[in-house]
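# What the coordinates show
Single-letter residue listing:
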Amino acid sequence: MTTDISPRQDWTRDEIAAVYELPLDQLLARALAVKAANWKDGAVQKSQLLSIKTGGCPEDCGYCSQSAKFDTGLKAEKLLPLDEVVETARRAKANGADRFCMGAAWRSLKDRDLPKVAEMISAVKAEGLETCVTLGMLEEGQAEALKAAGLDYYNHNLDTSREYYGDVVSTRTYDDRLETLGRARMAGIKLCCGGILGMGESRADRVGLIHELSKLTPHPESVPVNKLVPIKGTPLGNSAELDTLELVRAIAACRIVFPKSWVRLSAGRESMSPEGQALCLLAGANSIFVGDRLLTTPNPGMDKDAKLLESVGGSCGEC
Ligand code: SAM
Ligand code: DTB
Ligand code: SF4
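Residues numbered from 1 in each chain as written. Chains lettered and ligands numbered in written order. Predicted model: local features only at pLDDT ≥ 70, side-chain atom pairs only at ≥ 80, totals over all residues. Heavy atoms only, no water.

This part takes up the site of ligand 1. Surrounding ligand 1, one finds 17 residues, the nearest of these being Thr-134, Asn-157, Asp-159, Arg-177 and Val-229. One of the backbone N or O atoms of Ala-104 is found 3.2 Å from a nitrogen atom in ligand 1. For ligand 1, an oxygen atom lies 3.0 Å from a polar atom in the side chain of Arg-177. Considered on its own, ligand 1 offers 550 Å² of accessible surface; in the complex 89% of this is hidden by protein. (Near = heavy atom within 4 Å. Polar contact = N/O pair within 3.5 Å; in protein donor to acceptor, adjacent residues only side chain to side chain. Areas by Shrake-Rupley, 256 points an atom, 1.4 Å probe, with all protein chains shown as cover.)

Quick look at the structure:
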């Protein structure tokens, strides 16, 4: 079995489907072999999120608590002050996070907000953390300014397949997403780009998402795999819960297709058993969101994560 392969951009959709649908034991064996060959120390990367600008977003992403188009009960807030961001980043680092990801509920970054966000990036970087932001679409020149401030990663997800995208979001296109990803990449920023499972999409859509991601050259350095956190009041608030083994298959397929990328078991852990999460880590995920909040919803938190990482043989950041 070839495992220590260079990342390939020429995967066909059929090839990815064939991997995704292997008998589970063969799929896991292959993912584990790729992981062992490419990630020798087995470490689990820990990112912590902070919503720096919450709610009131003009976009209509059908999964999101922060869209102004849906009545989710979330109160819109202004951009957080710098000292609050730095204080949270410091605590995140003390609790074992190595990357700090700041999210804003914006359709796109406005030039008037750029200096404040740039200040936040520089200050978080000065605390010794990797920096990541997710601010919506970027206009020309903005990615360069973020990079100059010390930005390591830009998070911008493709979310699902090209075909299913229009069923989830109507206020922007798949190509808009790809354009922003291109701008971040051209400025020398690493990409964090993945999607959400459990939005009523088919397995073919999940394969389609992985295929679209595999065409990005180079591959995104981080691939977040989110399980939908159903939000009351959104169009997807009553979606049927995703089967854990389907998530495991998607993660294993990502490990095989993106051998050198961080694959993150992202949103949705709060609704999973410890065993289900452990299986995702065994299937090839090597990154999680730590802390007791994601952006607007709860996350397991330090004590549960220490147990989880201990159970799969990783370190908990304190031990
Ligand atoms: N406004 C920016 C944007 O959409 O690019 C950044 C923030 S947005 C909340 C970041 C990502 O979080 C989305 O692209 C989506 O993949 C993920 N996300 C948002 N709500 C979610 C939910 N309820 N369940 C799972 N993932 C979610
Ligand atoms: C990503 O792929 N997942 C994160 C991060 N990138 C920004 C966001 C998850 C949000 C989950 C729902 C919430 O807390 O609002
Ligand atoms: Fe706005 Fe981002 Fe939420 Fe979409 S996912 S509604 S762009 S905050």
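Right, let's talk about the side chain of Ser-214 for a bit. Structurally, Ser-214 is set in helix α8 (residues 203-215). One polar contact links the side chain of Ser-214 to the main-chain carbonyl oxygen of His-211, over a distance of 2.6 Å. Once residues within four sequence positions are removed from consideration, Ser-214 is found in contact with Arg-8, Gln-9, Trp-11, Ile-16, His-219, Val-257 and Phe-258. (Helix = DSSP H or I, 4+ residues; strand = E, 2+ residues; numbered from the N terminus. Contact = heavy atoms within 4.5 Å.)

Close to ligand 3 lie Cys-57, Glu-59, Cys-61, Tyr-63, Cys-64, Ser-67, Ala-105, Trp-106 and Arg-172. Here the shell around ligand 3 is composed, by residue class, of six nonpolar, one polar and two charged. (Nonpolar A, V, L, I, M, F, W, Y, C, P; charged D, E, K, R; others polar.)

What follows is about the pattern of salt bridges. By the definition in use, this model includes 20 salt bridges. For the salt bridge of Glu-59 with Arg-107, the shortest nitrogen-to-oxygen distance reads 3.0 Å. With a gap of 48 residues between them, Glu-59 in the loop between β1 (45-53) and α3 (82-94) and Arg-107 in the loop between β2 (99-104) and α4 (114-126) connect regions that are remote in the sequence. According to the relative accessible area criterion, Glu-59 is buried, its value standing at 2%. (Salt bridge = Lys/Arg side-chain N within 4 Å of Asp/Glu carboxyl O. Buried < 20%, exposed > 50% of the residue type's maximum accessible area, 1.4 Å probe, protein only.)

Attention now goes to the nonpolar core. Formed by 86 residues in total, the largest nonpolar core has its most connected members in Leu-135 and Leu-146. For this core, the element with the most residues is helix α9 (residues 244-257), which contributes nine residues. Excluding its chain neighbours within four sequence positions, the residues that come into contact with Leu-146 are Leu-109, Leu-114, Val-117, Ile-121, Leu-135, Leu-138, Leu-151, Tyr-154 and Ile-189. (Core = buried A, V, L, I, M, F, W, Y, C linked by side-chain atoms within 4.5 Å.)

With that settled, the discussion passes to the pairing of strand β9 (residues 287-290). Of the two faces of β9, the one holding Ser-287 and Phe-289 and the one holding Ile-288 and Val-290 are both buried throughout. Bridging between β1 and β9 involves four bridges; their strand directions are parallel. In the strand pairing of β9, Gln-45 is matched with Ser-287. Strand direction decides the pairing type here: strand β8 (residues 262-265) and β9, joined by two bridges, are parallel. Within β9, the position partnered with Leu-265 by the bridge is Ile-288. Handedness of the β8-helix α10 (residues 274-282)-β9 crossover: right-handed. (Pairing = 2+ DSSP bridges. Right-handed = clockwise from strand over helix to strand, strands pointing away.)

Our focus in this paragraph is the packing of aromatic side chains. For the structure shown, the criterion picks out two aromatic pairs. The interplanar angle of 45 degrees and the centroid separation of 4.5 Å between the aromatic rings of Trp-39 and Trp-262 together place this pair among those described as tilted. Linking Trp-39 in the loop between α2 (24-38) and β1 with Trp-262 in strand β8, this pair joins segments that are 223 residues apart in sequence. Arg-8 extends its terminal NZ or CZ atom over the ring of Trp-11, reaching a point 4.3 Å from the ring centre. Its end group placed over the ring of Phe-289, Arg-264 keeps NZ or CZ at 4.7 Å from the ring centre. (Phe/Tyr/Trp six-rings, centres within 6.5 Å; stacked < 30°, edge-to-face > 60°. Lys NZ or Arg CZ within 6 Å of the ring centre and 35° of its normal.)

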